[in-house]
Amino acid sequence: MPLPVVPLARSHRADEVEPMGRQALSDVYDPVAAGELLPDGFRQLLPRDAIPPVYEPRFTSAEDARYPDDALVLGVEIDGDAHAYPISVLNHREMVNDKVGGTPILSTWLPLGSAAMVHRREIEGEEVVLGNQGALFKGAMTWWDHDTGSVWSQTRGEAILGPRAGYRLESLRFTVTVWASWRRDHPGTLALDADSARVHTAG
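What counts, and at which threshold
- Residues numbered from 1 in each chain as written.
- Predicted model: local features only at pLDDT ≥ 70, side-chain atom pairs only at ≥ 80, totals over all residues.
- Heavy atoms only, no water.
- Helix = DSSP H or I, 4+ residues; strand = E, 2+ residues; numbered from the N terminus.
- Buried < 20%, exposed > 50% of the residue type's maximum accessible area, 1.4 Å probe, protein only.
- Contact = heavy atoms within 4.5 Å.
- Areas by Shrake-Rupley, 256 points an atom, 1.4 Å probe, with all protein chains shown as cover.
- Pairing = 2+ DSSP bridges.

Counting its regular elements, the protein chain contains 3 helices and 15 strands. Burial statistics for the protein chain: of 203 residues in total, 49% are counted as buried. A separation threshold of at least 6 residues defines the contact pool for the protein chain, and within that pool the share at least 24 residues apart is 60%. When the accessible surface of the protein chain is totalled, it reaches about 10,000 Å², and 50% of it is carbon and sulfur.

If you want it as structure tokens, here you go:
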């Protein structure tokens, strides 16, 4: 029997989501809500993007970044271009759609189990945008792509539901280390602006 489906309602104010997210949360197909057969180990826990990804990241220079030296960061370097994402931000946002070295990438972090992954977000040469499905699959996070609504597994980098089921994203190298070490090894790195990525609650 399929597991209960959580209604696909926003859990945050619309003006708190970046423009790409506002546009995509309208009427995109959801295979879970549509009643597709769910794989074993799939649990829908929250509405899509209830944990809002960073869709339009803003960066600062290493010199201007205010991270403590011992702050953990997820670092990515492609063709000499380096970006760092503080784990303190990823604990609340979990996903960053970004470009590094001209390559569209998705950096993800599941606080449950401290699972980090980075993937090239291109399918057959076309850039895709990915959101947070709000579900776990075999204990790991899942995503949804904005053009077909297919659901993807973080650990597999593979679509497990929807029109793209069976497609895979290329996994990319990354580093999880302290900010001082990443900055030393990548002095020209850009750092995700933590203030711009903060989730503001209503009230």
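This brings us to the side chain of Asp-145. Here Asp-145 shows up in strand β11 (residues 140–145). Excluding its chain neighbours within four sequence positions, the residues that come into contact with Asp-145 are Val-28, Val-129, Leu-130, Ser-150, Trp-152 and Arg-164.

For a regular strand, side-chain orientation follows a simple rule: the groups alternate between the two sheet faces. With respect to burial, β11 is a largely interior element, 6 of its 6 residues being buried. As defined by bridge partners, strand β10 (residues 130–137) adjoins β11 across 5 bridges and the pair is classed as antiparallel. Opposite Gly-131, over in β11, you have Trp-144 as the bridge partner. Between the end of β10 and the start of β11, which pair antiparallel, lie 2 residues, with Lys-138 showing a positive phi angle near 55°. In terms of strand pairing, β11 meets strand β12 (residues 151–153) through 3 bridges, oriented antiparallel. From the neighbouring strand, Trp-143 faces β12, where its bridge partner is Trp-152. Between the antiparallel neighbours β11 and β12 lie 5 residues, among them Gly-149 with a positive phi of about 80°.

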